[in-house]
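Chain residues, written in single-letter form:
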Amino acid sequence: MKKEIRRMLDGNGAATEALKLARVQVISAYPITPQSPIAEKLSELVVSHKLEARYIRVESEHTALSCAIGAQLTGVRAATATSSVGLALMHEILGVASGCRVPIVMPVVNRALVSPWSLWCDHQDAMAERDSGWLQFYTENVQEVMDFILIAYNIAEHTEILTPAMVCLDGFFLSHSTQPVMTPDQETVDAFLPPYRSKNLFLDPKDPMFINNLTSPDEFSEMRFQQKVAFERALDIIPEVQNHFAGIFGRQYGLLEAHECEDAEVVLVTMGSMAGTAKYTANMMRKAGHKVGVIKISVFRPFPVAQLAGLLKGKKVVGVIDRSAGLGAQGGPLWLEVKAALPDNDTRVFDYVAGLGGRDITEKTIETIFTGLLQKVNKKDANPDAPGVCWIDTHPDAMSVREVIVND
Amino acid sequence: MPGQPEKHMNKPGKNNKTRTVYGPVATVFASVNTGSWRILRPGPDHSRCAGCGQCETFCPTGVIEIIDDPAKEGGRGKVVEIDWAYCKGCGICADVCPKKCIRMVEEKKGNENEERN
Ligand code: SF4
Ligand code: SF4
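What counts, and where the lines are drawn
Residues numbered from 1 in each chain as written. Chains lettered and ligands numbered in written order. Predicted model: local features only at pLDDT ≥ 70, side-chain atom pairs only at ≥ 80, totals over all residues. Heavy atoms only, no water. Contact = heavy atoms within 4.5 Å. Buried area = accessible area lost by both parts, 1.4 Å probe. Polar contact = N/O pair within 3.5 Å; in protein donor to acceptor, adjacent residues only side chain to side chain. Helix = DSSP H or I, 4+ residues; strand = E, 2+ residues; numbered from the N terminus. Nonpolar A, V, L, I, M, F, W, Y, C, P; charged D, E, K, R; others polar. Pairing = 2+ DSSP bridges. Core = buried A, V, L, I, M, F, W, Y, C linked by side-chain atoms within 4.5 Å. Buried < 20%, exposed > 50% of the residue type's maximum accessible area, 1.4 Å probe, protein only. Domains from an automatic or database assignment. Salt bridge = Lys/Arg side-chain N within 4 Å of Asp/Glu carboxyl O.

Peer 1: Before we move on, can you summarise the interface of chain A and chain B with the specific residues and values?
Peer 2: At the junction of the two partners, chain A supplies 20 residues and chain B supplies eleven residues. Carbon and sulfur atoms supply 57% of the area that chain A and chain B bury against each other, a total of about 1,400 Å² over both sides. Of all residues in chain A, F210, N213 and L214 of chain A bury the most surface against chain B, accounting for 32% of the area lost on that side. On the surface where chain A and chain B come into contact, there are seven residue pairs in polar contact (both at pLDDT 80 or more). Among the elements of the structure, β9 (210-211) and α9 (220-249) of chain A are those that each provide at least two residues to the side of chain A that touches chain B. Split by residue class, the side of chain A that touches chain B holds ten nonpolar, eight polar and two charged. Inspection of the sheet shows β9 of chain A paired to strand β2 (residues 25-26) of chain B by two bridges, in the antiparallel sense. From the neighbouring strand, I211 of chain A faces β2 of chain B, where its bridge partner is V25 of chain B.

Written out as structure tokens, the structure is:
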């Protein structure tokens, strides 16, 4: 019988609790804002023996993930977590974890990448790693942070997946926002997440293996192909595990979530904490008679192409909010995926860049987007097919925000 | 360039069983003769060596051993022994030696270098 207790936790607290419930035995984390409380709380749990684990103090994120990989290969769950430039510093090692099929689950607290220096929420850090061979989950609220981490372990460690997973939570909006969270008890989690065993590659002096050896062109493609197959299988296995989770814990999740989409004239595709604001704004606009809907992408890697295309079938106008700039591309990373998922030329997909570097994505921003999309449907838009990305919340004086004194 | 040093499992184990694994791994080992990389080689002055073991600790290839030398200090003396097949000549031992008794000398060529293989 599950025994959950309702606790007030912020996103970092929920992430820490989930790692503890997963019984991680080695932790190597390097603190970085806004992830620091995860690294700190885990160390407190280790010192107070509330979590029986070894805490390795490391000098960088590059080492943090390297240690976690080595530890996990000995047959334990190893934990680390990071943000922003910390994730960037892990870049090389991310590929080692995924290529060697080490199913580490890592909370990523989304924060903008440099420059300009920023401590605040933006998805560019995780988006820069979207092809690193990690599964990517994006969370809307603190409950999802807790639940998605537990679910991610079950998926990542599945014998057909064996792929590490990032569980992304928006910096500050989730990491530092305190919300009520149903926290499962250890026994129920133990039943959902049996003790970890290295089923594929492992480090064992009695059965030696040389892992990550030089691989010739004869086999490289094949090993990448093995990863590709895992990502394809994940599209089936993720919903299976989510259903299994719902059976035990009563909370149902999916690859994506549709809110009021069935009869919607326009649909807005969102990801992360902005989804809550978007759904709230959609409800308000529906009360005023506007048929608008919202899709929240929960799993970005693998991208749920078929599910999204099914939901958007027949829609004339779709909007996408990208919380990363996608510089030089035809649109932001989320827009590119949505656009490519819709073969129907009748669907026009518009990209909105918003919420960069910690800017709040407000009801007003969402309402402006919906209003614009509705005008496009009704052809009231002066330039309804204007190509390009709309930076919806950028100040009009963007090109002159800094003025300096001329010293000549 | 040395050949690929490790091979993926190409012969079945004792009980003829195999299993499929994903990702890069080798289970048949053959080490590269890293000794062939040497341009300089460590030349320890055994008479000044204190046997402290710093070089043994820091050698990245783990090829130094501190051994007893019965001919030194009435049998209590220690000297360093280096496995020339794998010493790659990096010079770290010379750097860390507190007695500064390891000097990097030019690698000898031909049959003068009888220990090289
Ligand atoms: S030169 Fe380098 S490899 Fe050779 S013994 Fe000294 S530390 Fe070891
Ligand atoms: S570090 Fe120097 S003194 Fe110490 S054992 Fe090695 S060679 Fe001898």
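Peer 1: Explain the nonpolar core to me, using residue names and the numbers behind them.
Peer 2: Residue and element names in this part refer to chain A. Within the largest apolar cluster, 53 residues are counted, with the highest numbers of intra-cluster contacts made by I27, F137 and I149. Mapped onto this core, the elements with two or more residues apiece are α1 (11-21), α2 (36-47), β5 (105-110), β6 (135-138), α7 (142-156), β7 (165-170), α8 (186-192) and α9. Looking at this core, the element that brings in the most residues is α7, giving eleven residues. In contact with I149, not counting residues within four places along its chain, are A15, A18, L19, V105, P107, E144 and V167. L73, M90, A97 and F303 belong to the second largest nonpolar core, which has 52 residues in total.

Peer 1: Would you mind going over the domain arrangement of chain A in detail, with residue names and values included?
Peer 2: Residue and element names in this part refer to chain A. Per the domain assignment, the segments of chain A are domain 1 (4-249) and domain 2 (256-391). Averaged C-alpha coordinates put domain 1 and domain 2 at centres separated by 28 Å. Between domain 1 and domain 2, the contact holds 26 residues from the first and 26 residues from the second. For the interface between domain 1 and domain 2, the tally reads five salt bridges. Residue D131 is joined to R301 by a salt bridge in which the shortest nitrogen-to-oxygen separation is 3.3 Å. Broken down by secondary-structure element, the contributors of at least two residues to the side of domain 1 that touches domain 2 are α6 (124-127), β6, α7 and α9.

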